[in-house]
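So you can see what is in the structure, the chains are spelled out below.
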Amino acid sequence: MITDRFAEAAERRDGAAMAALLAEDVTYHTPTLTADLHGKELTLRYLAEGTRIVDGLVYTDEVSDDERLILFWKGVLDQREISGATVLADEAGGLIRDITVLQRPWGVTANFRDGILSALVGAVPLPAWQLDDRKAPAPDPDAGAGQRPGGPLPLAPDVALHSAMLTRTLRGQENVRAYRQLIDGIQGDRTYLARFTSAGRLIEYWSCIIEGHLLQGIDDFSLDGSGRITDQTAWLRPWPVVTALRDLAIAASLPLLTADYWRLPAGPSRLP
């Protein structure tokens, strides 16, 4: 059971309770914008629109360290499941000063973006919704770029991968390995921002650069007794950079990724 006050306020769509938790100079790294939002008023406006269009919002799990708290959640948008990870950081005096939200899958996040866009016209300038000429700095090698203690994690034979971009779950060691190699080749080095470990579980929070633009991700791994991945779920942000990554992955024409892996089904569906 999640008892975090931010999660409780979001589930209740309680704007006043949420406002009481945010610092006046809070920064919000949203799942859909390439520019950050600054200040409590604009952050609350975005959060209000997001919680308004997502039905059945429920927070399911959390992990934390001395610097941040990650809250995992799911809900329904247009009769399709959407899920996310909300990172709360830089708390001072009990107030949150930094929020980052990552989402999956790409197709439903696109609908999320469209659902809030009209309500934020005039408050968020058009360039914030798009890629522009700004370039992010390269990963910092001293922050663990491209490195994982102990090296790559092995895959169990029946591993399942719930990608942030695909609309279907990939299953099986051979398929998941091919997809991971494809994405790793596009992403390049990662900077690991945080790592959480517990019995049978590993969570990694990272960033990388796609065509000069910052991409952030969270991977949640379930591990068997031999340390092999049995299940992986990924969330990414922001939507325009995820779109660029997706386009590059589609262009690679990996045979196992037929068109139905990239598109939402015609009718409502629930992702695993």
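Numbers given to residues run from 1 along each chain, matching the order in which its sequence is written. A pLDDT threshold of at least 70 governs which residues receive local features in this predicted model, and a stricter bar of 80 or more applies before side-chain atom pairs are shown or counted, although totals over entire chains, interfaces and linings include all residues. Hydrogens and water molecules were not included; the side-chain quantities draw on all heavy atoms of the structure.

Engineer: Report on the overall build of the protein chain, specifying residues and quantitative values.
Structural biologist: Looking only at helices and strands, the protein chain has six helices and twelve strands in total. Taking 272 residues into account, the globule formula puts the C-alpha radius of gyration at 19 Å, and the protein chain, at 18 Å, falls close to it. With the principal axes as the frame, the protein chain shows a C-alpha extent of 50 × 40 × 40 Å. A burial count over the protein chain gives 53% of its 272 residues as buried. Methods summary: accessible areas were calculated by the Shrake-Rupley approach with a probe of 1.4 Å, and residue burial reflects only the protein chains presented. Counting every atom, the protein chain has about 12,400 Å² of accessible surface; 50% of that belongs to carbon and sulfur. In the protein chain, 27 side chains carry a positive charge and 37 a negative one; their mean positions are 5 Å apart. Numbered from the N terminus, helices here are DSSP runs of H or I no shorter than four residues, and strands are runs of E no shorter than two. Radius of gyration here is computed from C-alpha atoms only, and the compact-globule reference equals 2.2 Å multiplied by the residue count raised to the power 0.38. Accessible area is worked out with a 1.4 Å probe on protein chains only. A residue is then buried under 20% of its type maximum, exposed over 50%, and partly exposed in between. Think of it this way: Lys and Arg go in the positive column, Asp and Glu in the negative one, and His and the chain ends go nowhere. We put the charge of a Lys on NZ, of an Arg on CZ, of an Asp on CG and of a Glu on CD.

Engineer: Kindly report on the nonpolar core, identifying the contributing residues and their values.
Structural biologist: The criterion is simple. A nonpolar core is a set of buried Ala, Val, Leu, Ile, Met, Phe, Trp, Tyr and Cys residues joined through side-chain atoms within 4.5 Å. One finds Phe6, Leu22, Tyr46, Tyr59, Leu71, Ile99 and Phe112 to be the most contacted residues of the largest nonpolar core, which totals 37 residues. Ala110, Val159, Val176 and Tyr192 belong to the second-largest nonpolar core, a separate cluster that totals 32 residues.

Engineer: So what's going on with unusual backbone geometry? Which residues, and what values?
Structural biologist: Between Arg104 and the following residue, Pro105, the backbone shows a cis peptide bond with an omega angle of -10°. In this structure, Pro105 sits in the loop between β6 (96-104) and α4 (106-117). Residue Pro238 follows Arg237 across a cis peptide bond; omega there is -10°. Relative to the helices and strands, Pro238 is located in the loop between β12 (229-237) and α6 (239-251). In this model, Arg13 sits at a positive phi of 55°, which is unusual for a non-glycine residue. Within the element layout of this structure, Arg13 appears in the loop between α1 (5-12) and α2 (15-19). Of note in this structure, Gln79 is not a glycine but carries a positive phi near 65°. In this structure, Gln79 sits in the loop between β4 (68-77) and β5 (80-89).

Engineer: Lay out α6 in plain terms, naming residues and giving numbers.
Structural biologist: With 13 residues, α6 extends 18 Å between its outermost C-alpha atoms, agreeing within 8% with the 18 Å of an ideal straight helix rising 1.5 Å per residue. Residues Trp239, Pro240, Val241, Val242, Thr243, Ala244, Leu245, Arg246 and Ala249 constitute the buried set of α6. Contacts between residues were defined by any pair of non-hydrogen atoms, one from each residue, lying within 4.5 Å. Where α6 is buried, its residues touch α4, α5 (173-187), β10 (201-210), β11 (213-223) and β12. Just downstream of α6, Ser253 is the residue with a positive phi angle, here 55°. To estimate the expected span of a helix, subtract one from its residue number and multiply by 1.5 Å.

Engineer: Which residues make up the environment of Val63, and what values do they have?
Structural biologist: Mapped onto the secondary structure, Val63 falls in strand β3 (residues 55-64). Along the sequence, Val63 and Thr233 sit 170 residues apart, while their C-alpha atoms lie 15 Å from each other. Setting aside chain neighbours within four positions, we find Val63 in contact with Arg68, Leu69, Ile70, Phe72, Phe196, Arg201 and Ile203.

Engineer: Give me the lowdown on the side chain of Thr30, citing residues and values where you can.
Structural biologist: Among the secondary structure elements, Thr30 is positioned in the loop between β1 (22-29) and β2 (37-38). Each polar contact in these results corresponds to two N or O atoms within 3.5 Å; when the atoms are within protein, one needs to be able to donate a hydrogen and the other to accept it, and residues that are neighboring in sequence are counted only if both atoms are side-chain atoms. Of note is the side chain of Thr30, whose polar atom sits 3.2 Å from the backbone nitrogen of Thr32.

Engineer: How would you explain the pattern of salt bridges if you had to name every residue and give the values?
Structural biologist: Side chains carrying opposite charge are able to pair once their charged atoms draw close together. Salt bridges are defined by distance alone: a side-chain nitrogen of Lys or Arg within 4 Å of a carboxyl oxygen of Asp or Glu. For the structure on display, the rule yields 15 salt bridges. The salt bridge partner of Asp55 is Arg13, with a shortest N-O separation of 3.6 Å. Here Asp55 is found in strand β3, whereas its partner Arg13 is found in the loop between α1 and α2, with 42 residues between them in sequence. By relative accessible area, Asp55 is classed as partly exposed at 44%. Residue Arg13 is classed as partly exposed on the basis of its relative accessible area, which comes to 45%. Across the salt bridge formed by Asp224 and Arg228, the nearest N and O atoms sit 2.8 Å from each other. Via salt bridges that share partners, Asp25, Asp90 and Arg97 belong to a single interconnected network.

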